[in-house]
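The primary structure of each chain is shown beneath.
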Amino acid sequence: MKLTGLRVSFVHDYLGLGGAETVSRQTGLLFAQLGIFTHYYCLEHRAEQWQLPDAEHCSLAILPDKKKLWSKTNVSYLIEDAKRRGISVLIIPVSSRNKCYPELRASGLKLIYWLHTSPFDEVPSILRVMEERSNRSLLHRIEWLAFKQLWEVKLGATRRRIHKRYRHILEHVDRFITLCPAYTQEIIRTLQLPKELAEKIHAVQNTIELPPADTIQFTKPKKIVYMGRLDPISKRVPRLVKIWARIQDSLPDWEVEIYGEGSDRQHLETLISQLQLPRISLRGYCADPSRIYQSASILALTSQLESWGLALAEAQSYGCIPIAFDCSAGVRTVIGETPSCGVLIPAYDQEVYAQELYRLCQDEALRRDLQGACLLKSLTYAHEQNLPVWRKILEEL
């Protein structure tokens, strides 16, 4: 497929501050460098949060049915509007629950499905919801323990259904994108894919906007930050509060700032008050994370699952050292194991997390070494790193 003059489109439920939406915007800029025109379809455009990446090479349209992304009305509109605009490629970085792939492909469109989560994340998501519910009361905890075996049997059926869905996608799209090579191998291994389906899968690493080198502060305040949603299921920010409670007496000159909004905010306020913790505060939504990373020494995430972790990479680019649980191949890709560009903690071991966070705060030489490793690693996140990857994917369609 010839790239110059090629017209592609992304389909989103909304265009705003989400990670996938940010990556789609950055990819539009990258495509412009290849002479590709990018069109965005969505149900909702939050203009104050998301702007077209390039006015000359990009455009946007709102789908007619604003209630259901893959309704018959929207699918028909996509097919007809794509023909009218000369769009050849449809990139789908949204929910895998879509039975319209055969119809879209039959119209002549080339389909690329972009998985922005860990493979088969739907199964652990169900477990996280159940576990979180069990913590709400003693009754819920007893219920969880009593019916855990039954739920695990049900999850077996759910897992098989999800595996079937992934295979369906692979059979009806032209390319399937993952966030890192380890995720590609996981899908191939789990589904036992034949060669013709396995060859459809490509890894495309997330990229970020790198700060100018002369703006990076190397001497930073003794500050630990969290950046992200206050989500009780996936982000588990109360863990960070409890970890801070273990070590704060020994770190009188350090502070913790939590940035973000979400349903866990009230619980966090109550927890901080109950534990009577000093030097930890909820700072609300932050429109410019770069300003925070610039003046922070450590980014602390305590998530149950991070598919890749844009915040980890963004922090590294400002010399802000990330510490996180080893909860996915994506996190291992960003932080690394040997050599390390941050601190990787055995999954969900809060005692080890507290020990390592304390060591990181106390050891200035360690922070200096890790800061250098982070800045070097961040060079691999430049948008241009994906130019040859996308060129290969699109030219071979």
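Now for a quick tour of the structure.

Some remarks on the overall build of the protein chain
For the protein chain, the count of helices and strands is 15 helices and 13 strands. Here the C-alpha radius of gyration of the protein chain, 22 Å, is about what a compact globule of 397 residues would show, namely 21 Å. Oriented by its inertia axes, the alpha-carbon framework of the protein chain measures out at about 65 × 60 × 40 Å. Residue burial in the protein chain is summarised as follows: out of 397 residues, 53% are buried. Put simply, of all contacts in the protein chain between residues at least 6 apart along the chain, 69% involve residues at least 24 apart. For the protein chain, the accessible surface area stands at approximately 18,300 Å², while carbon and sulfur atoms represent 51% of it. Each charge class in the protein chain can be summarised by its mean position, and for the 51 positive and 45 negative side chains these summaries are 6 Å apart.

Focus: unusual backbone geometry
Despite not being glycine, F120 shows a phi value in the positive range, around 60°. Examined against the element boundaries, F120 turns out to sit in the loop between β5 (110–114) and α4 (122–134).

Some words on the sheet that holds strand β10 (residues 280–284)
Judged by pairing direction, the sheet is parallel, and its six strands sit side by side in the order β10-β9-β8-β11-β12-β13 without closing on themselves. At either margin of the open sheet sits one strand with a lone partner, and together these are β10 and β13 (343–345). Between one strand axis and the next, the sheet turns through 25° on average, direction left out of account. By the bridge criterion, three bridges tie strand β12 (residues 321–325) to β13 in an arrangement that is parallel.

As for the side chain of Q304
Note on placement: Q304 falls in the loop between β11 (298–300) and α11 (310–317). A polar side-chain atom of Q304 sits 2.5 Å from a polar atom in the side chain of R239.

Some points on the packing of aromatic side chains
All chains considered together, the criterion is met by 14 aromatic pairs. Aromatic pair Y41 and Y77: ring centres 6.3 Å apart, planes at 85°, arrangement edge-to-face. With Y41 in strand β2 (residues 37–45) and Y77 in helix α2 (residues 72–85), this residue pair connects regions lying 36 residues apart in the sequence. With a relative accessible area of 26%, Y77 lands in the partly exposed category. Their ring planes at 80° and their centres at 5.6 Å tell us that W308 and Y381 sit as a pair that is edge-to-face. Pair noted here: W308 is in the loop between β11 and α11 and Y381 is in the loop between α14 (364–378) and α15 (387–395), with a separation of 73 residues, a long-range link. The residues W308 and Y381 share a single accessibility class, namely buried. The structure contains a cluster of three or more aromatic residues connected by ring pairs, namely F10, F31, Y40, W50, W114 and W390.

What about the environment of L210?
The residue L210 is located in the loop between β7 (201–203) and β8 (223–227) in this model. Residues in contact with L210, not counting those within four places in the same chain, are S317, S378, L379 and A382.

Section: the side chain of S9
Counting through the fold element by element, S9 comes out in strand β1 (residues 7–15). For S9, a relative accessible area of 0% corresponds to the buried category. Non-local contacts of S9, meaning those with residues more than four positions away in its chain, are made with H39, Y41, I87, V89, L90 and I91.

Here we look at the packing of helix α8 (residues 237–247) against helix α13 (residues 350–362)
Where α8 meets α13, the closest approach of the two axes is 9 Å, and the angle between their N-to-C directions is 60°. If you check the angle between α8 and α13, you find them oblique. For the element pair α8 and α13, the recorded crossing hand is right-handed. Contacts from R239, K242, I243, R246 and I247 in α8 reach Q350, E351, Y353, A354, L357 and Y358 in α13.

The rules behind each value
- Residues numbered from 1 in each chain as written.
- Predicted model: local features only at pLDDT ≥ 70, side-chain atom pairs only at ≥ 80, totals over all residues.
- Heavy atoms only, no water.
- Helix = DSSP H or I, 4+ residues; strand = E, 2+ residues; numbered from the N terminus.
- Rg over C-alpha atoms; globule rule 2.2 N^0.38 Å.
- Buried < 20%, exposed > 50% of the residue type's maximum accessible area, 1.4 Å probe, protein only.
- Contact = heavy atoms within 4.5 Å.
- Areas by Shrake-Rupley, 256 points an atom, 1.4 Å probe, with all protein chains shown as cover.
- Lys, Arg positive; Asp, Glu negative; His and termini not counted.
- Charge placed at Lys NZ, Arg CZ, Asp CG, Glu CD.
- Pairing = 2+ DSSP bridges.
- Axes fitted to C-alpha atoms, helices over the stretch in contact; angles between N-to-C directions.
- Polar contact = N/O pair within 3.5 Å; in protein donor to acceptor, adjacent residues only side chain to side chain.
- Phe/Tyr/Trp six-rings, centres within 6.5 Å; stacked < 30°, edge-to-face > 60°.
- Parallel < 35°, antiparallel > 145°, perpendicular 65-115°, else oblique.
- Left-handed = near helix turned anticlockwise from the far one by under 90°.

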